[in-house]
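Spelled out from the first residue to the last, the chains are:
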Amino acid sequence: MAWQQRTFTVVELHRLAYHPVRALAGLGAQAAVRAIARVAGAYANRYLQRRTLHG
């Protein structure tokens, strides 16, 4: 979903994915929020890692 919409920040991902994640995965509200934040964090770490390696 994030790659399709080219959206990677926590707030943007939350707006995009919160309701679908809760419905498809059957997660509670807190679990859905934490999962979305974890995905955004992984993208941020990957971005910083690539930036550090490639200048």
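Caption draft 1: The overall build of the chain, seen in detail. Secondary structure summary: the chain contains three helices and zero strands in total. The order of α-helices and β-strands along the chain, N terminus first, is α-α-α. C-alpha atoms of the chain, sized along the principal axes, occupy 40 × 20 × 15 Å. By the burial criterion, 16% of the 55 residues in the chain qualify as buried. Partitioning the contacts of the chain with sequence separation of at least 6, the portion at a separation of at least 24 is 30%. Summing over all exposed atoms, the chain offers an accessible surface of approximately 4,500 Å²; the carbon and sulfur share of this is 55%.

Caption draft 2: Highlighting the side chain of Thr7. Within the secondary structure layout, Thr7 lies in the loop between helix H1 (2-5) and helix H2 (10-25). You can call Thr7 buried: its relative accessible area is 13%. At 3.4 Å, the side chain of Thr7 and the side chain of Glu12 are in polar contact. Other than its neighbours up to four places away in sequence, Thr7 contacts Ala2, Glu12, Leu13 and Leu16.

Caption draft 3: The nonpolar core, seen in detail. The biggest cluster of nonpolar side chains holds seven residues, and these are Ala2, Leu13, Ala17, Tyr18, Ala32, Ile36 and Ala40. Those elements giving two or more residues to this core turn out to be H2 and helix H3 (29-54). In this view, Ala32 contacts Tyr18, Val21, Arg22 and Leu27; residues no more than four positions away in its chain are not counted.

Caption draft 4: Summary view of H3. Along its 26 residues, H3 runs 38 Å from first to last C-alpha, staying within 8% of the 38 Å computed at 1.5 Å per residue. Of all the positions in H3, only Ala32, Ile36, Ala37 and Ala40 are classed as buried. Where H3 is buried, its residues touch H2.

Caption draft 5: Representation of the packing of H2 against H3 within the structure. Running from amino to carboxyl end, H2 crosses H3 at an angle of 135°, the nearest separation of the two axes being 9 Å. The angle between H2 and H3 falls in the class oblique. The way H2 lies across H3 gives a crossing that is right-handed. Each of Val10, Leu13, His14, Ala17, Tyr18, Val21 and Arg22 in H2 lies in contact with H3, whose residues at this interface are Ala29, Ala32, Val33, Ile36, Val39 and Ala40. Of the residues contributing to the contact of H2 with H3, the split by class is eleven nonpolar, one polar and one charged.

The rules behind these values
Residues numbered from 1 in each chain as written. Predicted model: local features only at pLDDT ≥ 70, side-chain atom pairs only at ≥ 80, totals over all residues. Heavy atoms only, no water. Helix = DSSP H or I, 4+ residues; strand = E, 2+ residues; numbered from the N terminus. Buried < 20%, exposed > 50% of the residue type's maximum accessible area, 1.4 Å probe, protein only. Contact = heavy atoms within 4.5 Å. Areas by Shrake-Rupley, 256 points an atom, 1.4 Å probe, with all protein chains shown as cover. Polar contact = N/O pair within 3.5 Å; in protein donor to acceptor, adjacent residues only side chain to side chain. Core = buried A, V, L, I, M, F, W, Y, C linked by side-chain atoms within 4.5 Å. Expected span 1.5 Å × (residues − 1). Axes fitted to C-alpha atoms, helices over the stretch in contact; angles between N-to-C directions. Parallel < 35°, antiparallel > 145°, perpendicular 65-115°, else oblique. Left-handed = near helix turned anticlockwise from the far one by under 90°. Nonpolar A, V, L, I, M, F, W, Y, C, P; charged D, E, K, R; others polar.

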